[in-house]
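Coordinate analysis (summary)
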Amino acid sequence: MIRFIARALGIVTSAYWTTALLGSIFSKEPSTPESTIEGLVLCILVSATITGFLLSWRYLKFGALLMIVSSIALSTFAYFSAGRNKLLAVMVSGIPFLISGLLLLLSVPSREK
């Protein structure tokens, strides 16, 4: 049941971020050099986290650990790049992936730990 909840949370969060990233990539708005660098770092961190989630379907422990590490990096990046609502940025960006990764790590069978 823990694994099911972790995967459901990971699917919802991955779908949210994939939609946001695709919308940002295909938007016609002009961008500044600062926003381009920030967008690139965000894209890399989110891609690493989603990759960890996808890997967790086959390699549970490795994928969960990759999710945890990259979600901590994503939360740190969100904290320092956010304007006023730093806590909200952290709660929306990395925390759902972190919770999912921790739940997946808890669901690893004891023989694999």
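You'll find the structure just up there.
Please read all numbers here as calculations on a predicted model, not as lab measurements. (Residues numbered from 1 in each chain as written. Predicted model: local features only at pLDDT ≥ 70, side-chain atom pairs only at ≥ 80, totals over all residues. Heavy atoms only, no water.)

**Examining the side chain of Ser93**
- Structurally, Ser93 is set in helix α4 (residues 86-93).
- Here the side chain of Ser93 touches Ala89 through a polar contact of 2.6 Å, landing on its backbone oxygen.
- The contact partners of Ser93, leaving out residues within four places of it in the chain, are Trp17, Leu74, Ser75 and Ala78. (Helix = DSSP H or I, 4+ residues; strand = E, 2+ residues; numbered from the N terminus. Polar contact = N/O pair within 3.5 Å; in protein donor to acceptor, adjacent residues only side chain to side chain. Contact = heavy atoms within 4.5 Å.)

**Here's the deal with the packing of helix α3 (residues 60-81) against helix α5 (residues 95-106)**
- Between α3 and α5, the least distance of the axes is 8 Å, while the angle of their chain directions is 155°. In this view, α3 runs roughly antiparallel relative to α5, as classed from their interaxial angle. As for how α3 packs across α5, the hand of that crossing is left-handed. Of α5, the residues touching α3 (which contributes Leu60, Lys61, Ala64, Leu65, Met67, Ile68, Ser71, Ile72, Leu74 and Ser75) are Ile95, Phe97, Leu98, Ser100, Gly101, Leu102, Leu104 and Leu105.
- Of the residues belonging to the contact of α3 with α5, the class tally is 13 nonpolar, 4 polar and 1 charged. (Axes fitted to C-alpha atoms, helices over the stretch in contact; angles between N-to-C directions. Parallel < 35°, antiparallel > 145°, perpendicular 65-115°, else oblique. Left-handed = near helix turned anticlockwise from the far one by under 90°. Nonpolar A, V, L, I, M, F, W, Y, C, P; charged D, E, K, R; others polar.)

**Points about the nonpolar core**
- Core analysis: the largest hydrophobic core is formed by 15 residues, its most contacted members being Trp17, Val46, Ile50, Met67, Leu74, Phe97 and Leu104.
- Sorting elements by how many residues they give to this core places α3 first, with 5 residues.
- If near-sequence neighbours (up to four positions away) are discounted, Phe97 is found in contact with Thr13, Ser14, Trp17, Thr49, Ile50, Met67, Ser71 and Leu74. (Core = buried A, V, L, I, M, F, W, Y, C linked by side-chain atoms within 4.5 Å. Buried < 20%, exposed > 50% of the residue type's maximum accessible area, 1.4 Å probe, protein only.)

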